[in-house]
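In case you want the letters, here they are:
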Amino acid sequence: VLFAETKKADLGGAFWVTKINHTFIALLLYASLVTAFIARRDGLGGPAVVAASSIAFLALAWHRFETGFRWEKLPMQDLLQDTGAAYEPTLIFKGYCQPELEEQEAYSTHSAG
């Protein structure tokens, strides 16, 4: 028997959300630095106001991402409307066996009986 890793919980969603949050933090930091650089170079302030609007947009987009998506829990309405197709035994993974080994098992059971 070959060694295979044990089945682990799927944490892809949690890691993906964390990566998106880090991306928003990086974008806000970048937009803030660019806005400060433009404000320092330009005495009028007009271009800095335009650049600062991107910070407001990023903050709103981040808020929408945090509050607009339900990714941790499935709503009860979706659970009630589920047809159960995902729970059919034919769709459940039962393991992998090499075709050569299946042929050997079939041969050994026929010859033993």
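Before any of the text, the structure's been laid out above.
Below is a short write-up of the structure. Bear in mind the structure is a predicted one, so any value in this text is a computation, not a measurement.

### Some thoughts on the overall build of the protein
At step 1: Within the protein, the secondary structure is distributed over 4 helices and 0 strands.
At step 2: Taken from the N to the C terminus, the helices and strands of the protein come in the order α-α-α-α.
At step 3: Buried residues in the protein amount to 10% of all 113 residues.
At step 4: The contacts in the protein between residues at least 6 apart in sequence include a share of 66% that link residues at least 24 apart.
At step 5: Accessible area of the protein: about 10,400 Å², with a carbon and sulfur share of 64%.

### Quick notes on the packing of aromatic side chains
At step 1: Enumeration according to the criterion identifies 4 aromatic pairs in this entry.
At step 2: Centre to centre, the rings of F24 and W62 are 5.9 Å apart; their planes meet at 10°, and the pair counts as stacked. One end of the pair, F24, is in helix α1 (residues 12-41); the other, W62, is in helix α2 (residues 46-68), with 38 residues separating them in the sequence.
At step 3: F24 gets classed as buried once you look at its relative accessible area, which sits at 14%.

### Notes on the layout of surface pockets
At step 1: Space inside the largest pocket adds up to approximately 190 Å³.
At step 2: Elements that contribute at least two residues to the lining of the largest pocket include exactly α1 and α2.
At step 3: With 3 residues, the single largest contributor to the lining of the largest pocket is α1.
At step 4: A class-by-class count of the residues in the lining of the largest pocket yields 5 nonpolar, 1 polar and 4 charged.

### Comments concerning the nonpolar core
At step 1: Judged by nonpolar contacts, V17, F24, L28, A31, L58 and F65 together constitute the single largest core of 6 residues.
At step 2: Sorting the residues of this core by element identifies α1 and α2 as the ones contributing at least two each.
At step 3: Counting residues per element, this core draws most heavily on α1, which supplies 4 residues.
At step 4: Among residues more than four places away in sequence, those in contact with L28 are I55, L58, A59 and W62.

### Quick word on the packing of α1 against α2
At step 1: Contact geometry of α1 with α2 gives a least axis separation of 8 Å together with a crossing angle of 165°. Comparing the axis directions of α1 and α2 gives the class roughly antiparallel. For the pair α1 and α2, the crossing hand works out as left-handed.

### Section: the side chain of T35
At step 1: As for its placement among the helices and strands, T35 is situated in helix α1.
At step 2: Dropping the residues within four chain positions of it, T35 is found in contact with A48, A51, A52 and I55.

### Section: α1
At step 1: For α1, built from 30 residues, the straight-helix expectation of 44 Å at 1.5 Å per residue is met to within 8% by its first-to-last C-alpha distance of 43 Å.
At step 2: Where α1 is buried, its residues contact α2.

### What about α2?
At step 1: The terminal C-alpha atoms of α2, which comprises 23 residues, lie 33 Å apart, in line with the 33 Å expected from a rise of 1.5 Å per residue.
At step 2: On its buried side, α2 packs onto α1.

Definitions and cut-offs
- Residues numbered from 1 in each chain as written.
- Predicted model: local features only at pLDDT ≥ 70, side-chain atom pairs only at ≥ 80, totals over all residues.
- Heavy atoms only, no water.
- Helix = DSSP H or I, 4+ residues; strand = E, 2+ residues; numbered from the N terminus.
- Buried < 20%, exposed > 50% of the residue type's maximum accessible area, 1.4 Å probe, protein only.
- Contact = heavy atoms within 4.5 Å.
- Areas by Shrake-Rupley, 256 points an atom, 1.4 Å probe, with all protein chains shown as cover.
- Phe/Tyr/Trp six-rings, centres within 6.5 Å; stacked < 30°, edge-to-face > 60°.
- 1 Å grid on protein atoms, 1.4 Å probe; cavity = no way out; pocket = protein on both sides within 12 Å on 5 of 7 lines; lining within 4 Å.
- Points joined across faces, edges and corners; volume = space filled by probe spheres on them.
- Nonpolar A, V, L, I, M, F, W, Y, C, P; charged D, E, K, R; others polar.
- Core = buried A, V, L, I, M, F, W, Y, C linked by side-chain atoms within 4.5 Å.
- Axes fitted to C-alpha atoms, helices over the stretch in contact; angles between N-to-C directions.
- Parallel < 35°, antiparallel > 145°, perpendicular 65-115°, else oblique.
- Left-handed = near helix turned anticlockwise from the far one by under 90°.
- Expected span 1.5 Å × (residues − 1).

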